[in-house]
Amino acid sequence: MISNRKSEHLNICNNEDVSFKNKTTGFNDIELLHKALPEINKEEIDISTSAFGKKLDSPLFFTAITGGHPEAKKLNKILALAAEEKNIGLGLGSQRAAIEHPELNETYTVAREYAPNALLLGNIGAPQIDLAEDAVKMFDADILAVHLNPLQESIQPEGDLNSEGFLDSISKITDLVDVPVMVKETGCGLSSEDASLLENAGVNYIDVEGAGGTSWAAVETFRAKDKYLGELFWDWGIPTAVSTFEVVNTVNVPVISSGGIRSGLDAAKAIALGADSVGMALPALKNAYYGLENLINLINQFNESLKIAMFLVGAKNLDELKNSSLIIKGETKEWLEQRGFNTKIYARRN
Ligand code: FNR
């Protein structure tokens, strides 16, 4: 059952327009301050970073995408080969189906086979305490991601709408496993308040997965017979730029900015806001379908556009990028000011 659903999700994501319709990530409202005198050599720009002891060549993660159905094995092999070659982080999809049906394990273990050194993230849902240890063991995950998807559950016909006790469950998962635990949304973003609750629950890493990229209400609308709810909630959520601002200005744990990140320029803005790294899901899936070369090309273009943005603001490394000046305009500014944040804190930093 879960396996069929995942296969349907992949086909929908690959063949239909599942992006937000009228809401954007808000990165268009973020302007990095141009430097006519960057005074640095572009060839010496360093975009390497580290996460939980592993050095990464780029602050890019492919966030949770797939696994748990036969088609996923080939995709995860290509994603893993790319993650290993370009030394980036790779999140695999929800492992529940494979834990319940061990014959599907190889759709995940294939990732470790072809990415023996890469940073790999396991993935379970918040209430699945009993799956946590097996999920980590399945392919020797470096980090366990725990996903939150209340909107998707609301729209999908077989959705589970009782989320009581999730925070307690997340806290227990952090005690249970011996790897860091990351909590991620799935395209509706996290607020400052949610981020505080998660940090207090002992979470080691937060991935905002905000609105403006792939809409999971859209994905479920394509599956649903009755499309009323899906169409109504298609654009629900906190835009990624807003969510990133709120979370980085609230917690002390590292933050991934994601949900609609489509280039190194988006990434530069997210990192200048204070994110440690960024995540991308749908573009990775689409390129993986066309093969390894396409996926490597996606990463190369991402890295190059990030370096050009860094050159234009005079940042030699990601720490300097984090201290660059930026302007917050439009709806993003309006949103943040209504929420009581000072949007001018980034405007004149160096
Ligand atoms: C996802 N996503 C996801 N997230 C998760 O935590 N567990 C999962 O199993 C999946 N499965 C999944 C399948 C497919 C086909 C896609 C495209 C995405 C959600 C994903 O990690 C991300 O949060 C959203 O897709 C938003 O990011 P993008 O696509 O706008 O970059």
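Placed above this text is the structure.
Residues numbered from 1 in each chain as written. Predicted model: local features only at pLDDT ≥ 70, side-chain atom pairs only at ≥ 80, totals over all residues. Heavy atoms only, no water.

Student: Even after reading the chapter, I still don't get helix α2 (residues 72-86), so can you show me in this structure?
Tutor: Structural remark: α-helix, 3.6 residues per turn; residues separated by three or four positions point the same way. In this model, α2 (15 residues) spans 21 Å end to end at C-alpha, consistent with the 21 Å of a helix rising 1.5 Å per residue. For α2, the set of buried residues is Ala 72, Leu 75, Asn 76, Ile 78, Leu 79, Ala 80, Ala 82 and Ala 83. Those residues of α2 that are buried are in contact with α1 (2-15), β4 (60-62), β5 (89-91), α4 (106-114), α13 (282-289) and α14 (292-313). Count one or two residues on from α2 and you reach Asn 87, which has phi positive near 50°. (Helix = DSSP H or I, 4+ residues; strand = E, 2+ residues; numbered from the N terminus. Expected span 1.5 Å × (residues − 1). Buried < 20%, exposed > 50% of the residue type's maximum accessible area, 1.4 Å probe, protein only. Contact = heavy atoms within 4.5 Å.)

Student: How should I be thinking about the site of the ligand in this particular structure?
Tutor: Around the ligand lies a shell of 23 residues, among which Ala 64, Ile 65, Ser 94, Glu 209 and Thr 214 are the nearest. In the model, an oxygen atom of the ligand is placed 2.7 Å from a nitrogen or oxygen of the Glu 209 side chain. In this structure, an oxygen atom belonging to the ligand sits 2.8 Å away from a side-chain N or O atom of Arg 262. Elements represented by at least two residues in the shell around the ligand include exactly α1 and α13. Taken together, the residues that form the shell around the ligand break down as nine nonpolar, ten polar and four charged. (Near = heavy atom within 4 Å. Polar contact = N/O pair within 3.5 Å; in protein donor to acceptor, adjacent residues only side chain to side chain. Nonpolar A, V, L, I, M, F, W, Y, C, P; charged D, E, K, R; others polar.)

Student: What's the story with the sheet that holds strand β7 (residues 143-147) in this structure? I'm lost.
Tutor: Strand-to-strand pairing in sheets goes through backbone hydrogen bonds, with the strands running parallel or antiparallel. Spatially, β4-β5-β6-β7-β8-β9-β10-β11 is the arrangement adopted by the eight strands of the closed barrel, whose pairing is parallel. When the angles between neighbouring strand axes are averaged without regard to direction, this sheet yields 25°. Inspection of the sheet shows β4 paired to β5 by two bridges, in the parallel sense. Residue pairing in the sheet places Phe 61 in a bridge with Gly 89 of β5. Sheet strands in contact with helix α5 (residues 132-139) are β6 (120-125) and β7, and its direction is about 155° off that of β6. (Pairing = 2+ DSSP bridges. Axes fitted to C-alpha atoms, helices over the stretch in contact; angles between N-to-C directions.)

Student: Quick question: what am I supposed to make of the pairing of strand β10 (residues 255-258) here?
Tutor: Put simply, side chains in a regular strand alternate between the two faces of the sheet. Of the two faces of β10, the one lined by Val 255 and Ser 257 and the one lined by Ile 256 and Ser 258 are each fully buried. Of the crossover connections in this fold, the one passing from β10 over helix α12 (residues 264-273) to the parallel strand β11 (residues 277-280) is right-handed. (Right-handed = clockwise from strand over helix to strand, strands pointing away.)

Student: Could you clarify how one ought to interpret the environment of Leu 336 in this entry?
Tutor: Locating Leu 336 in the fold gives a position in helix α16 (residues 330-338). On the accessibility criterion, Leu 336 (0% relative accessible area) is buried. If we skip the residues at most four places from it in the chain, Leu 336 touches Val 242, Phe 245, Glu 246, Ile 328, Phe 341 and Thr 343.

Student: Just checking my understanding: could you explain unusual backbone geometry for this structure?
Tutor: What is expected of a backbone is that most residues other than glycine have negative phi and most peptide bonds are trans. Positive phi is not limited to glycine here, since Phe 52 has a value of about 50°. Counting through the fold element by element, Phe 52 comes out in the loop between β2 (49-51) and β3 (54-56). The class of Phe 52 is partly exposed, set by a relative accessible area of 39%. Non-glycine residue Asn 87 carries a positive phi angle of around 50°.

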